[in-house]
Amino acid sequence: MGIIDNINKLFDHRVRLGIMSVLAVNEAADFNRLKELLNVTDGNLASHLKALEKAEYISVEKTFIGRKPHTNYKATKIGKLEFKKHIEALEKLIN
Amino acid sequence: MTNDNYLKDIGHIKDMMNRSSRFISLSGVSGIFAGCYAIIGGLFTYYYLFPKPHEQLNYGSTKFFEIVLIALLVLVLSIATAIFLTSRKAKKHNAKIWDITTYRLVINFLIPLVTGGIYIILKLNSQHYGLTASLMLIFYGLALVNASKYTIGNIKYLGIAEIILGLICAAFPGYGFWFWMIGFGLFHIIYGSIMFVEEKKASHWES
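The paragraphs below set out a description of the structure included in this document. For clarity, every value in this text was computed on a predicted model and none was experimentally measured.

With respect to the overall build of chain B
Check the secondary structure of chain B and you find 7 helices and 0 strands. Ordering the α and β elements of chain B from the N terminus gives α-α-α-α-α-α-α. Looking at chain B as a whole, 40% of its 207 residues are labelled buried. Taking the contacts inside chain B whose residues are at least 6 apart along the sequence as the reference set, 74% of them involve residues at least 24 apart.

As structure tokens, then:
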């Protein structure tokens, strides 16, 4: 097995990498907070969140604050583990 | 992808982690400072203000207020140092000092801490001095554990350590001062040093 095996294709995009970075150090983040941090459009962020959710790297929690829908995102155990492996692989590659 | 792209990826990860949770990055140094203030304040109190064995400390006496004043001074200095170091770091990273992360962290830290503070004052008011150190440690520990949900994991362990120490302290009446010194002085310095070493390791990524 080469180190390249641990490079995760799913993290091959700047926005997805950003989402995982934020969720790795925060318990949870909502849609607007991610949007503000990553500086991307609604549609762009939503599609990347979908991809990570499909892989079960993040979990989604929908609630209502008053009448407004509020969506919270968290990194799952698998997500955190895969992200850690990805970072370690990146580090090895540049060394 | 080329090497350069991998490097950019790592830079991006680091930047996102920093911007979304600034508080963790400086807690190391401010922890060491807080521990030092506590030890200096504690020693000063011990040598100059503590009641001699035959004396009694009365609620409302000058000595009592001097001790409370020193405790407040330690608290204010610790918080001021933490705010100063954090905002300096935030400026360096072009981040806002007051955002959702900060707000959540402060509110969740203050709920158990203020509860404990009021409770201790009420107890002092009715001449119950014995458990003050133990209660301070326990409520401070609970505040840290509560706030840890909004920052990176480490602060939780400091909180748990403070709670355990507070409970042990309750079992050994008369040694409250020493437990207080360990909890607020020594533990902060140990925690701060561990965080400082980890921060140094993390900044290794940048270069």
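Some details on the interface of chain A and chain B
Counting from both sides, the interface comprises 23 residues of chain A and, opposite them, 24 residues of chain B. Summed over both sides, the interface of chain A with chain B buries roughly 2200 Å², with 63% coming from carbon and sulfur. Scanning the region where chain A abuts chain B turns up 1 salt bridge. Across the pair Asp9 of chain B and Arg14 of chain A runs a salt bridge, and its minimum N-O distance is 2.9 Å. For the pair chain A and chain B, the number of links is 2 residue pairs in polar contact (both at pLDDT 80 or more). Breaking the side of chain A that touches chain B down by element, the ones donating at least two residues are α1 (14–25), α2 (31–38) and α4 (77–94) of chain A. With 7 residues, the top contributor of residues to the side of chain A that touches chain B is α1 of chain A. Of the residues in the side of chain A that touches chain B, the class split is 14 nonpolar, 3 polar and 6 charged.

Remarks on the pattern of salt bridges
All names here are of chain A. Applying the stated rule across the entire model yields 5 salt bridges over all chains. Here Arg33 ties to Glu36 by a salt bridge, and the two come within 3.8 Å at their closest N and O atoms. One end of the pair is Arg33 and the other is Glu36, both in helix α2 and 3 residues apart, which spans about a single turn. Residue Glu36 is classed as partly exposed on the basis of its relative accessible area, which comes to 43%.

Considerations on the nonpolar core
Counting 31 residues, the largest nonpolar core has Ile19, Met20, Leu34, Leu38, Leu45, Leu49 and Phe83 of chain A as the members making the most contacts within it. Of all the secondary structure elements, the ones that give two or more residues to this core are α1, α2, α3 (42–54), β3 (68–75) and α4 of chain A together with α1 (3–20) of chain B. In terms of residue count, α1 of chain A provides more of this core than any other element does, 7 residues in total. With near-sequence residues (within four places) excluded, Met20 of chain A lies in contact with Phe11, Leu52, Tyr57, Ile58, Ala75, Gly79, Lys80 and Phe83 of chain A. Counting 21 residues, the second-largest nonpolar core is a separate cluster that includes Leu49, Ile70, Val74 and Ile155 of chain B.

Things to note about the sheet that holds β3 of chain A
Residues and elements named next belong to chain A. Reading across the sheet, the 3 strands line up as β1-β3-β2 and stay open at both edges, with antiparallel pairing between neighbours. Since the sheet does not close on itself, it has two edges, and those belong to β1 (29–30) and β2 (58–65), each with one partner. Each of β1, β2 and β3 is contacted by α1, which is oriented at about 80 degrees to β3, the strand it contacts most.

Quick notes on α2 of chain A
All names here are of chain A. Among all positions in α2, only Phe31, Arg33, Leu34, Leu37 and Leu38 are buried. For α2, the arc enclosing every buried residue in end-on projection is 165 degrees, short of the 170-degree limit, so these residues lie on one face. Within two residues after α2, Asn39 carries a phi angle of roughly 60 degrees, on the positive side.

Here is what the cut-offs are and how they apply
- Residues numbered from 1 in each chain as written.
- Chains lettered and ligands numbered in written order.
- Predicted model: local features only at pLDDT ≥ 70, side-chain atom pairs only at ≥ 80, totals over all residues.
- Heavy atoms only, no water.
- Helix = DSSP H or I, 4+ residues; strand = E, 2+ residues; numbered from the N terminus.
- Buried < 20%, exposed > 50% of the residue type's maximum accessible area, 1.4 Å probe, protein only.
- Contact = heavy atoms within 4.5 Å.
- Buried area = accessible area lost by both parts, 1.4 Å probe.
- Salt bridge = Lys/Arg side-chain N within 4 Å of Asp/Glu carboxyl O.
- Polar contact = N/O pair within 3.5 Å; in protein donor to acceptor, adjacent residues only side chain to side chain.
- Nonpolar A, V, L, I, M, F, W, Y, C, P; charged D, E, K, R; others polar.
- Core = buried A, V, L, I, M, F, W, Y, C linked by side-chain atoms within 4.5 Å.
- Pairing = 2+ DSSP bridges.
- Axes fitted to C-alpha atoms, helices over the stretch in contact; angles between N-to-C directions.
- Arc of directions from axis to C-beta.

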